[in-house]
Amino acid sequence: MGSTKELARRSTVAVAAAFAALALALGLSACGDDTVGGGGNNDEVTVAKGGPVKGELTISNWPGYIDPGSKGTIAEFEKETGVSVNYIEDINSNDGFFGKLQPQLEQGESGGRSIFVVADYMAEQMYDLGYLQEIDHADLPTVFKSILPSLESPAFDPERKFSVPWQGGMTGIWVDTAKAPEIKSVNDLFDPKYKGKVTMLEELRETPALVMLAEGVDPAEASAEQWLNAIDKIKAAADSGQIRKFTGNEYTEDLTAGNIVAAIGWSGDASIIENENAEWRMPTEGCTQWMENMVIPVGASNTPAAIGWMNFVYRPEVAVDITNYVEYISPVQGVKELLEKRGSELAESEIVFPTEEFTSKCTGQNTPPDLERVNEAWQDVLTG
Amino acid sequence: MSWKQRLVPYWLLGPGLLWLILFFVVPMYFMGELALRTGTLTTGFTFNWEWANFPDSLSGNTEQIGRSFVYAGTATLLALLIAYPLAYAIAFRAGRFKLLLLFAVIAPFFTTYLIRTIAWKTILSDSSPVVSVLQTLALVPPDGRVLATSGAVIAGLTYNFLPFMILPLYANLERLDLRLVEAAKDLYSSSRQAFLKVTLPLTMPGIVAGVLLTFIPAFGDYINAQILGGTQQAMVGNVIQSLYLTQRDYPEAAALSFLMMALILAVVTVYIRFAGTGAFMGDEEERA
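Residues numbered from 1 in each chain as written. Chains lettered and ligands numbered in written order. Predicted model: local features only at pLDDT ≥ 70, side-chain atom pairs only at ≥ 80, totals over all residues.

Moving on, we get to the overall build of chain B. Along its length, chain B carries 14 helices and two strands. In terms of overall dimensions, chain B has C-alpha extents of about 75 × 75 × 35 Å along its principal axes. Buried residues in chain B amount to 35% of all 288 residues. (Helix = DSSP H or I, 4+ residues; strand = E, 2+ residues; numbered from the N terminus. Buried ≥ 20, exposed ≤ 12 C-beta atoms within 10 Å, placed from the backbone.)

Shown next as structure tokens:
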């Protein structure tokens, strides 16, 4: 008995000593350099180096955004240039990816990656924090020969100094037409009939924005209160069990498995949903539209190959293969004509080549006012 | 004894101590320091003894903390109920299949944790045979589901941490001196009495170790809730993940992690006191 008590006493002393040491160390650190983070490498923007395209190239992208097969776009690039491409599909949400990489980017490293693909607002945020390199237009002749004129000067990067569009798309509703053919509006997703059979995206700029649109509120003009109202409505639906789950790309699995009848989702995901009844629909009150961009992070190990890749995917004959596989909106001119020449049905698709009329009610990806408060409320919903 | 000889135990402690300092004390220090900073990602985080981070990190998250206790506790209990008979059977009844069965317990580790959990997502999907069997048995309502419910998360936790319960129990049962059980029976105890008065107390160290090894990781787990849960199953691990990776509120995330560690430490201390330090330390003389 005595030995046990002695042991317990000794471990208590040891724990106390450890905490004392910790407290002491904390006290010492208070005297030292006391700020971490905060866009430390902001002042020295580097320009990505061009040059001969060779070596190894690591690209981070979203799932289902390219044909990874042995006759796909990556294989073609490797064959032509001799570059060995390490293509990783590790982006599931803009915020999640940023959160994962931020500590490395802050140190001027990109974890070996030379290209990321992120949404406009995320590219802007990364650039503002000094995490991206600029790209000399002289190095991107094919890109600027082929890019759609409407994409040459976006508000977030008017001179396209640090971003090159990859693919664009729309966020709307995926419907399993065999189970819920009548769903047409985001409001229908709140119908108790579909309780537990609906998923929504985790992205702040998508789900609450679509709910606002459905209620007749323009997300581009909405106040913080209106964002919070939409978030409250979603929270109530989540609490009641109406919404099954908040997802990134995983909603495609739930649609494939037949777990859900409808989801808020991305227009081009037909290539990764194995359910022939699944159909992307433009919500009656409009969609959100977005463009995702290739960017070169600080610490990119092979910028010449990254630039080579950008030029490569802007060749119309390469871009048409990408479109054919991913079914998103291409930023490259002439894709539609090439598809028509091939006799592909995609040339007629409003999802791949949306007309202005088709997207007349759509909005961009808007950042809410009072972002921190709105985002906190949104994260509270996600971690119900 | 020369001073050199006296130093030997410390040299022997060296590698372990170095390991602890490098992988426990140093990270703890950085986390503790981070927990006392304020700021945002864009302005940077400044160290200024911000103790308010601790109460702040709890506000609005008590539900998830409670849920973590319930889920981890239930999973631990279920794991114990499954593991004890299994470990007992392997130790005493398996005969020449002993090694094979032990291998079967460890075999799932050859696949990564993540893949195994995702596999459960397929197994439990709404139209899967498993779910229709459960529906036929009326364990799940006809239009009900398993995936994206608390049940799925608890099942996932139980499954994933079960080997951590089985192995210490097995190690303990294997060493059990069966002559003591025989002696109890010779003294006219029933099988039940012999189990309750002899086997169970003697295997307490295994139970305590198994419970700790299961409960602690299950409490902090977020993968099961994320993959198998729905909108109402988030555990405290999911909150910490969201604070770190999505909201980038590093100080609050660090503060919450610290508090959870303290909480677990307190619970474990109480538990060990209750179960007896001797049982934890494997101090069998105390009981014998």
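Still more ground to cover, so stick around.
Turning next to unusual backbone geometry. Residue and element names in this part refer to chain B. Phi at Ala138 takes a positive value of approximately 65 degrees, unusual for a residue other than glycine. Residue Ala138 is classed as exposed on the basis of its 8 C-beta neighbours within 10 Å. A positive phi angle is found at Ala148, which is not glycine, with a value near 65 degrees. You can see Ala148 is positioned in the loop between helix H6 (129-136) and helix H7 (150-174). Since 27 C-beta atoms lie within 10 Å of it, Ala148 is described here as buried.

Moving on to helix H7 (residues 224-239) of chain A. Residues and elements named next belong to chain A. Over its 16 residues, H7 runs 22 Å from end to end, which matches the ideal 22 Å to within 8%, given 1.5 Å per residue. Turning to H7, its buried residues number three or more, namely Trp227, Ala230, Ile231, Ile234, Ala237 and Ala238. Along the axis of H7, the buried residues cluster in a sector spanning 115 degrees; they form a single face. Residues of H7 that are buried sit in contact with strand S6 (198-201), helix H6 (207-214), strand S7 (243-247) and helix H12 (371-382). Looking one or two residues beyond H7, the residue adopting positive phi is Gly241, at roughly 90 degrees. (Expected span 1.5 Å × (residues − 1). Arc of directions from axis to C-beta. Contact = placed C-beta atoms within 7 Å.)

Residue and element names in this part refer to chain B. Two numbers describe how helix H10 (residues 204-220) lies on helix H13 (residues 250-275): the axes approach to 12 Å, and their chain directions differ by 165 degrees. Judged by the angle between their axes, H10 and H13 are roughly antiparallel. In the crossing of H10 with H13, the sense of the turn from one axis to the other is right-handed. Taken together, the residues of H13 that come into contact with H10 (itself represented by Met204, Val208, Leu212, Ile216, Phe219 and Gly220) are Met260, Ile264, Val268 and Ala275. (Axes fitted to C-alpha atoms, helices over the stretch in contact; angles between N-to-C directions. Parallel < 35°, antiparallel > 145°, perpendicular 65-115°, else oblique. Left-handed = near helix turned anticlockwise from the far one by under 90°.)

It is worth spelling out the packing of H7 of chain A against H12 of chain A at this point. Residues and elements named next belong to chain A. Two elements in contact, H7 and H12, have axes separated by 10 Å at closest approach and are oriented at 5 degrees. Comparing the axis directions of H7 and H12 gives the class roughly parallel. In this structure, H7 contributes Ala224, Trp227, Leu228, Ile231, Ile234, Lys235 and Ala238 to the contact, and H12 contributes Arg373, Val374, Ala377, Trp378 and Val381. Here the residues of the contact of H7 with H12 sort into 10 nonpolar, no polar and two charged. (Nonpolar A, V, L, I, M, F, W, Y, C, P; charged D, E, K, R; others polar.)

All names here are of chain A. Neither face of S6 is open: one carries Val198 and Met200, the other Thr199 and Leu201, and all of them are buried. As defined by bridge partners, S6 adjoins S7 across four bridges and the pair is classed as parallel. Note that in S7 the partner of Thr199 across the bridge is Lys245. (Pairing = 2+ DSSP bridges.)

Counting residues in each nonpolar core, the largest one holds 102 residues, and the members touching the most others are Val118, Met126, Ala262, Val295, Ala306, Trp309 and Met310 of chain A. Among the elements that take part in this core, helix H9 (residues 303-313) of chain A stands out by supplying seven residues, more than any other. When residues of this core are assigned to domains, at least three map to each of domain 1 (56-168 + 290-348) and domain 2 (169-288 + 365-382) of chain A. Within the second largest apolar cluster, 54 residues are counted, among which are Met165, Ile166, Ile223 and Met235 of chain B. (Core = buried A, V, L, I, M, F, W, Y, C linked by C-beta atoms within 7 Å. Domains from an automatic or database assignment.)

Below, the discussion takes up the domain arrangement of chain A. All names here are of chain A. According to the domain assignment, chain A consists of domain 1 (56-168 + 290-348) and domain 2 (169-288 + 365-382). Taking the mean C-alpha position of each, domain 1 and domain 2 sit 26 Å from one another. Elements that contribute at least two residues to the side of domain 1 that touches domain 2 include exactly helix H4 (120-128), strand S5 (164-176) and helix H10 (316-326). Taken together, the residues that form the side of domain 1 that touches domain 2 break down as nine nonpolar, six polar and two charged.

This part takes up the pairing of strand S1 (residues 37-40) of chain B. Walk down a regular strand and you will see the side chains alternate between the two sheet faces. Residues and elements named next belong to chain B. Across four bridges, S1 lies against strand S2 (residues 44-47) in antiparallel orientation. Along S2, the bridge assignment pairs Gly39 with Phe45. Adjacent in sequence and paired antiparallel, S1 and S2 are bridged by three residues.

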